[in-house]
Amino acid sequence: MTSYLLKGVSVLGGSPTDLLIKDGVIASGAGKADETIDATGLVALPGLVDLHTHLREPGREDAETVETGSRAAALGGYTAVFAMANTSPVADTAGVVEQVWRLGREAGLVDVQPIGAVTVGLAGKQMAELGAMATSAANVRIFSDDGHCVADPRLMRRALEYVKAFDGIIAQHAEEPRLTEGAQMHEGEVSTRLGLTGWPAVAEEAIIARDVLLAEHVGSRLHVCHVSTAGSVEVLRQAKARGVRVTAEVTPHHLLLTDELAASYDPVYKVNPPLRTAKDVEALRQALIEGVIDIVATDHAPHAVEDKECEWAYARPGMVGLETALPVVLSVLGEQWELIAERMSRAPARIAGLTGHGTDLSPGSPANLTLVDPAARRVVDPAELASRSRNTPYAGTTLPGRIVATFLRGEPTVLDGKAVK
Amino acid sequence: MIKHLKSAADLDAATATLILDTAGEMAALAGREVKKLPTLRGRTVVNLFYEDSTRTRISFEAAAKRLSADVINFSAKGSSVSKGESLKDTALTLQAMGADAVVIRHPASGAPHRLASWVDGSVINAGDGTHEHPTQALLDAYTMRSRLGKIEGLKVAIVGDVLHSRVARSNVLLLTTLGAHVTVVGPPTLIPLDVAAALAPGIKVTYDLDSVLADSDVVMMLRVQTERMQDSYFPSAREYSRRYGLDAPRMRKLPEHAIVMHPGPMNRGMEIAPEVADSSRSTIVEQVANGVSARMAVLYLLLGGKA
Ligand SMILES: [Zn+2]
């Protein structure tokens, strides 16, 4: 196994030092290495962990595969991603989650951890075999019907309770379906002007409020996917203050973009939950800094060209995000490396119970890390993305930071800003 | 002159007034023996209709033909459109055919905006989803001006399902641009969120139809689909019509000169009583005739004709 010496690297923004990667771990002290990387001006972060990725395989390999998504993730500085269950077939059995897990191992670019569906076929009717997925080779701990809300309160309660047996966690896509029938964008001034059916903030907030009460009642853990409104932040703040075991994520796009972008009717800006107002963006940023929102998760949602080059109402919601997440967060938070490491690596690993990721870059730790050049600027070009899909909302936008290298258990997956395989 | 007419917000007061003046000249032409102008000879106007709307399509077709344009009707039925061809592929076909203008009617809001990014010709919105219908607003403004002599300062009540109405959105935008005082009226469930901030800060909102009648110069009744009942926007057609329908007793509360408008097709007995629709205050028949003149003016000016 090739050893690497990262010369002059700044660990989490600290003063320059040398970091030796040997036999898959961070070695103690300096020393000789097979390869030396001049890391002057580069910042080392623990490898990023994404709790919310759509890899589309099996079923929509034209939009993304486990391999192409893994490559995009590595290029974005990730060493682990959690693959959402809304594939075709749905990842609601041990067989499907094991297939995704195996594909991830074969690609070998990031650790792909499958998320299991909460209900059979994501239909919201009958609980899937959560225990079988938990004890499968994929070792599933996070369950989600993402794309759909587990709307039935009784089923949600049971799911929250049931996964306690194997320390599982339910990740809820919070959207009261009756309040969002036909919804196309955030309900407000802009939706009124554009004549697009509104997706009211209360449809998210009402489910989060219900779910934190359910989680409190049964003493379970709840994770809230892609929080998008100021009102949701308040519900979470109160729940956390009461000691409810709830964690929450926000996407990079909800930290940066607003509903005004829908005015172009270009569905590249269509996403679920929808882009909200500037006031929501501000509240989400504040919540992320304070820790009311625990993590940043991409909700990377690749879509084929024909699913986006069409009328707004007919387009599928979602944006690719793996390759731009860290630059977007850098542009929002600035170079707060400690905070970024916590929100994008340590906390997601902790929530998922994922060992070996999100650890400090100290001797003996698994060498899962990424090197960032914070001084670099990049104009996002959809054609350059490693993802099989091109639906980025940042085309033409200049973002700070460039991921120079990523290591997975001591093996480089990205060097000189390029995927090694 | 603007290139596309996607929204009534594309029109400033001067441009809108020019269109209305030009529509007046076009209307005068209709009285002549030879009803055709050679202005758009050799130009191609495509009517791209994804929704059945015979009256709007015929109106645009008549407008284009009276200007001597070549008209191609591309309707969702019996063409590649119904076979699932994407709007973009259709746009590229129209582009290859050299369409100078595409008149598009589409059930999805914003479809004209998408189309305009794929074709070089002018795009004219003939109604997109629950968004806008700018030529309807122009013909309505033209009708008001013909009947009442002006638009500036008129008090206009727009009544009904504002939430789902493209006619309402375009009228609010155009009429406020032209200096009218607009009040939108309807049950709270059918008034969109933040409507004034979204469309025109000066407009008023009321849920009480009776409170505005005595002080209105124009009452514009919107079509209300009875299916909205199933979605709990209102309890029943009967209750809707009692609270928001324009019947004869309500019509008598209007000032002597006030007019009653409706974009059609009407639900007689629902939002408008038959005796109101057929009264001398009603402009419903003229609106249809004025539609051709207004659309001639739009095609003429957008395609580079001089006024
Ligand atoms: Zn989701």
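Everything quoted here is computed from the prediction, not taken from an experiment.

### Thoughts on the sheet that holds strand S10 (residues 169-172) of chain A
Residues and elements named next belong to chain A.
Moving on, step 1. Ordered by their spatial adjacency, five strands build an open sheet running S9-S10-S13-S14-S15, and the pairing between neighbours is parallel. Looking at which strands have only one partner, the edges of the open sheet turn out to be strand S9 (142-143) and strand S15 (295-296).
Moving on, step 2. Examined bridge by bridge, S9 and S10 share two bridges and lie parallel to one another. Considered in S10, the bridge of Phe143 is made with Ile170.

### So, the UniProt feature "binding site: substrate" (unreviewed entry) in chain A
All names here are of chain A.
Moving on, step 1. As recorded in UniProt, the feature "binding site: substrate" (unreviewed entry) lies at His54, Leu55, Arg56, Asn86, Asn272, His303, Pro317 and Gly318.
Moving on, step 2. Note on placement: Asn86 falls in the loop between strand S7 (78-83) and helix H2 (94-107).
Moving on, step 3. Assessed through its relative accessible area of 25%, Asn86 is described here as partly exposed.
Moving on, step 4. Mapped onto the elements of the fold, Gly318 is located in the loop between S15 and helix H10 (325-333).
Moving on, step 5. In this view, Gly318 contacts Lys270, Val271, Ala301, His303, Lys308 and Asn391; residues no more than four positions away in its chain are not counted.

### With respect to the domain arrangement of chain B
All names here are of chain B.
Moving on, step 1. Splitting chain B by domain gives domain 1 (8-133 + 288-304) and domain 2 (134-283).
Moving on, step 2. Opposite the 32 residues of domain 1 that make contact, domain 2 presents 25 residues.
Moving on, step 3. With both sides pooled, the region where domain 1 packs onto domain 2 buries about 2300 Å², and carbon together with sulfur makes up 64% of that total.
Moving on, step 4. Scanning the region where domain 1 abuts domain 2 turns up two salt bridges.
Moving on, step 5. Between Asp21 and Arg145 there is a salt bridge; the shortest N-O distance is 2.9 Å.

### Points about the packing of aromatic side chains
Moving on, step 1. This model, assessed by the stated rule, comprises five aromatic pairs over all chains.
Moving on, step 2. When the centroid spacing of 5.2 Å and the interplanar angle of 65 degrees are considered together, the rings of Tyr4(A) and Phe407(A) count as edge-to-face. Taken together, the residues Tyr4(A) in strand S1 (residues 4-11) and Phe407(A) in strand S17 (residues 398-408) connect sequence positions 403 residues apart. Each member of the pair, Tyr4(A) together with Phe407(A), is buried.
Moving on, step 3. Aromatic pair Tyr240(B) and Tyr244(B): ring centres 5.7 Å apart, planes at 40 degrees, arrangement tilted. Taken as a pair, Tyr240(B) and Tyr244(B) lie in helix H9 (residues 237-244) at a separation of four residues, close to a single helical turn. Each member of the pair Tyr240(B) and Tyr244(B) is classed as buried.
Moving on, step 4. Put simply, the rings of Phe143(A), Tyr162(A) and Phe166(A) pair up and form one aromatic cluster.

### Comments concerning the environment of Ser75(B)
Residues and elements named next belong to chain B.
Moving on, step 1. Following the sequence through the fold, Ser75 ends up in strand S2 (residues 70-75).
Moving on, step 2. Classification of Ser75 as partly exposed rests on a relative accessible area of 28%.
Moving on, step 3. Ser75 sits 29 residues away from Val46 along the chain, and the two C-alpha atoms are 9.9 Å apart.

### Notes on the packing of helix H2 (residues 54-66) of chain B against helix H12 (residues 284-302) of chain B
Residue and element names in this part refer to chain B.
Moving on, step 1. One way to put it is that H2 packs onto H12 with a least axis distance of 8 Å and a crossing angle of 50 degrees. Our classification of the angle between H2 and H12 gives oblique. In this structure, H2 meets H12 at a crossing whose hand is right-handed. Counting all contacts with H2, which are made through Arg55, Thr56, Ser59, Phe60, Ala62, Ala63, Ala64 and Arg66, the residues of H12 involved are Val288, Gly291, Val292, Arg295, Met296 and Leu299.
Moving on, step 2. Broken down by class, the residue content of the contact of H2 with H12 amounts to eight nonpolar, three polar and three charged.

### Points about the packing of helix H1 (residues 13-30) of chain B against helix H5 (residues 134-148) of chain B
All names here are of chain B.
Moving on, step 1. Here H1 crosses H5 at 70 degrees, and the two axes come no closer than 10 Å. Relative to H5, the element H1 is oriented roughly perpendicular. Where H1 abuts H5, its residues Thr17, Ile19, Leu20, Asp21, Ala23, Gly24 and Ala27 lie against Leu138, Ala141, Tyr142 and Arg145.
Moving on, step 2. Tallied by class, the residues present in the contact of H1 with H5 amount to seven nonpolar, two polar and two charged.

### Section: the nonpolar core
Moving on, step 1. The biggest cluster of nonpolar side chains holds 98 residues, and the ones touching the most others in it are Tyr78(A), Phe143(A), Ile340(A) and Met344(A).
Moving on, step 2. Among the elements that line this core, the one with the most residues is H10(A), at seven residues.
Moving on, step 3. When near neighbours in sequence (up to four residues on either side) are disregarded, Phe143(A) contacts Ile115(A), Gly116(A), Ala117(A), Val118(A), Leu130(A), Met133(A), Ala134(A), Val163(A), Phe166(A), Ile169(A), Ile170(A) and Ala171(A).
Moving on, step 4. Formed by 64 residues, the second largest nonpolar core is a distinct cluster that contains Ala101(B), Ala126(B), Val156(B) and Val182(B).

### Let's talk about the environment of Ile191(B)
All names here are of chain B.
Moving on, step 1. As for its placement among the helices and strands, Ile191 is situated in the loop between strand S6 (181-185) and helix H7 (195-199).
Moving on, step 2. Take Ile191: its relative accessible area is 11%, and that puts it in the buried class.
Moving on, step 3. Separated by 32 residues in the primary sequence, Ile191 and Val159 place their C-alpha atoms 9.8 Å from one another.
Moving on, step 4. Setting aside residues up to four positions removed in sequence, Ile191 forms contacts with Val162, Val184, Val185, Gly186, Val205 and Tyr207.

### Some details on the coordination of the zinc ion
The expected angle between donors at a tetrahedral four-coordinate metal is 109.5 degrees. At an octahedral six-coordinate metal it is 90 or 180 degrees.
All names here are of chain A.
Moving on, step 1. For the zinc ion, the protein coordination sphere consists of Asp146 (OD), His173 (ND1) and His226 (NE2), at 1.9 to 2.2 Å.
Moving on, step 2. Of note, the donors binding the zinc ion are all from one chain and are spaced D-x26-H-x52-H. Of this pair, Asp146 sits in the loop between S9 and helix H4 (153-162) while His226 sits in the loop between strand S13 (222-224) and helix H7 (230-242), and the two are 80 residues apart along the sequence. Grouping residues by exposure puts Asp146 and His226 together as buried.

### Quick word on the UniProt feature "binding site: Zn(2+) 2" (unreviewed entry) in chain A
Residue and element names in this part refer to chain A.
Moving on, step 1. In the numbering used here, UniProt assigns the "binding site: Zn(2+) 2" (unreviewed entry) feature to Asp146, His173 and His226. A maximum C-alpha distance of 10.0 Å is found for the annotated residues, which run over 81 residues; spatially they form one tight group.
Moving on, step 2. The contact partners of Asp146, leaving out residues within four places of it in the chain, are His52, His54, Met84, Asn86, His173, Cys225, His226 and Asp299.
Moving on, step 3. For Asp146, the side chain forms a polar contact with the side chain of His54, separated by 3.0 Å.
Moving on, step 4. With respect to the helices and strands, His173 occurs in the loop between S10 and strand S11 (185-186).

Definitions and cut-offs
- Residues numbered from 1 in each chain as written.
- Chains lettered and ligands numbered in written order.
- Predicted model: local features only at pLDDT ≥ 70, side-chain atom pairs only at ≥ 80, totals over all residues.
- Heavy atoms only, no water.
- Pairing = 2+ DSSP bridges.
- Helix = DSSP H or I, 4+ residues; strand = E, 2+ residues; numbered from the N terminus.
- UniProt positions renumbered as here; feature names shortened; annotations may be inferred.
- Buried < 20%, exposed > 50% of the residue type's maximum accessible area, 1.4 Å probe, protein only.
- Contact = heavy atoms within 4.5 Å.
- Domains from an automatic or database assignment.
- Buried area = accessible area lost by both parts, 1.4 Å probe.
- Salt bridge = Lys/Arg side-chain N within 4 Å of Asp/Glu carboxyl O.
- Phe/Tyr/Trp six-rings, centres within 6.5 Å; stacked < 30°, edge-to-face > 60°.
- Axes fitted to C-alpha atoms, helices over the stretch in contact; angles between N-to-C directions.
- Parallel < 35°, antiparallel > 145°, perpendicular 65-115°, else oblique.
- Left-handed = near helix turned anticlockwise from the far one by under 90°.
- Nonpolar A, V, L, I, M, F, W, Y, C, P; charged D, E, K, R; others polar.
- Core = buried A, V, L, I, M, F, W, Y, C linked by side-chain atoms within 4.5 Å.
- Donors = N, O, S within 2.8 Å, 3.2 Å for Na, K, Ca; no water.
- Polar contact = N/O pair within 3.5 Å; in protein donor to acceptor, adjacent residues only side chain to side chain.

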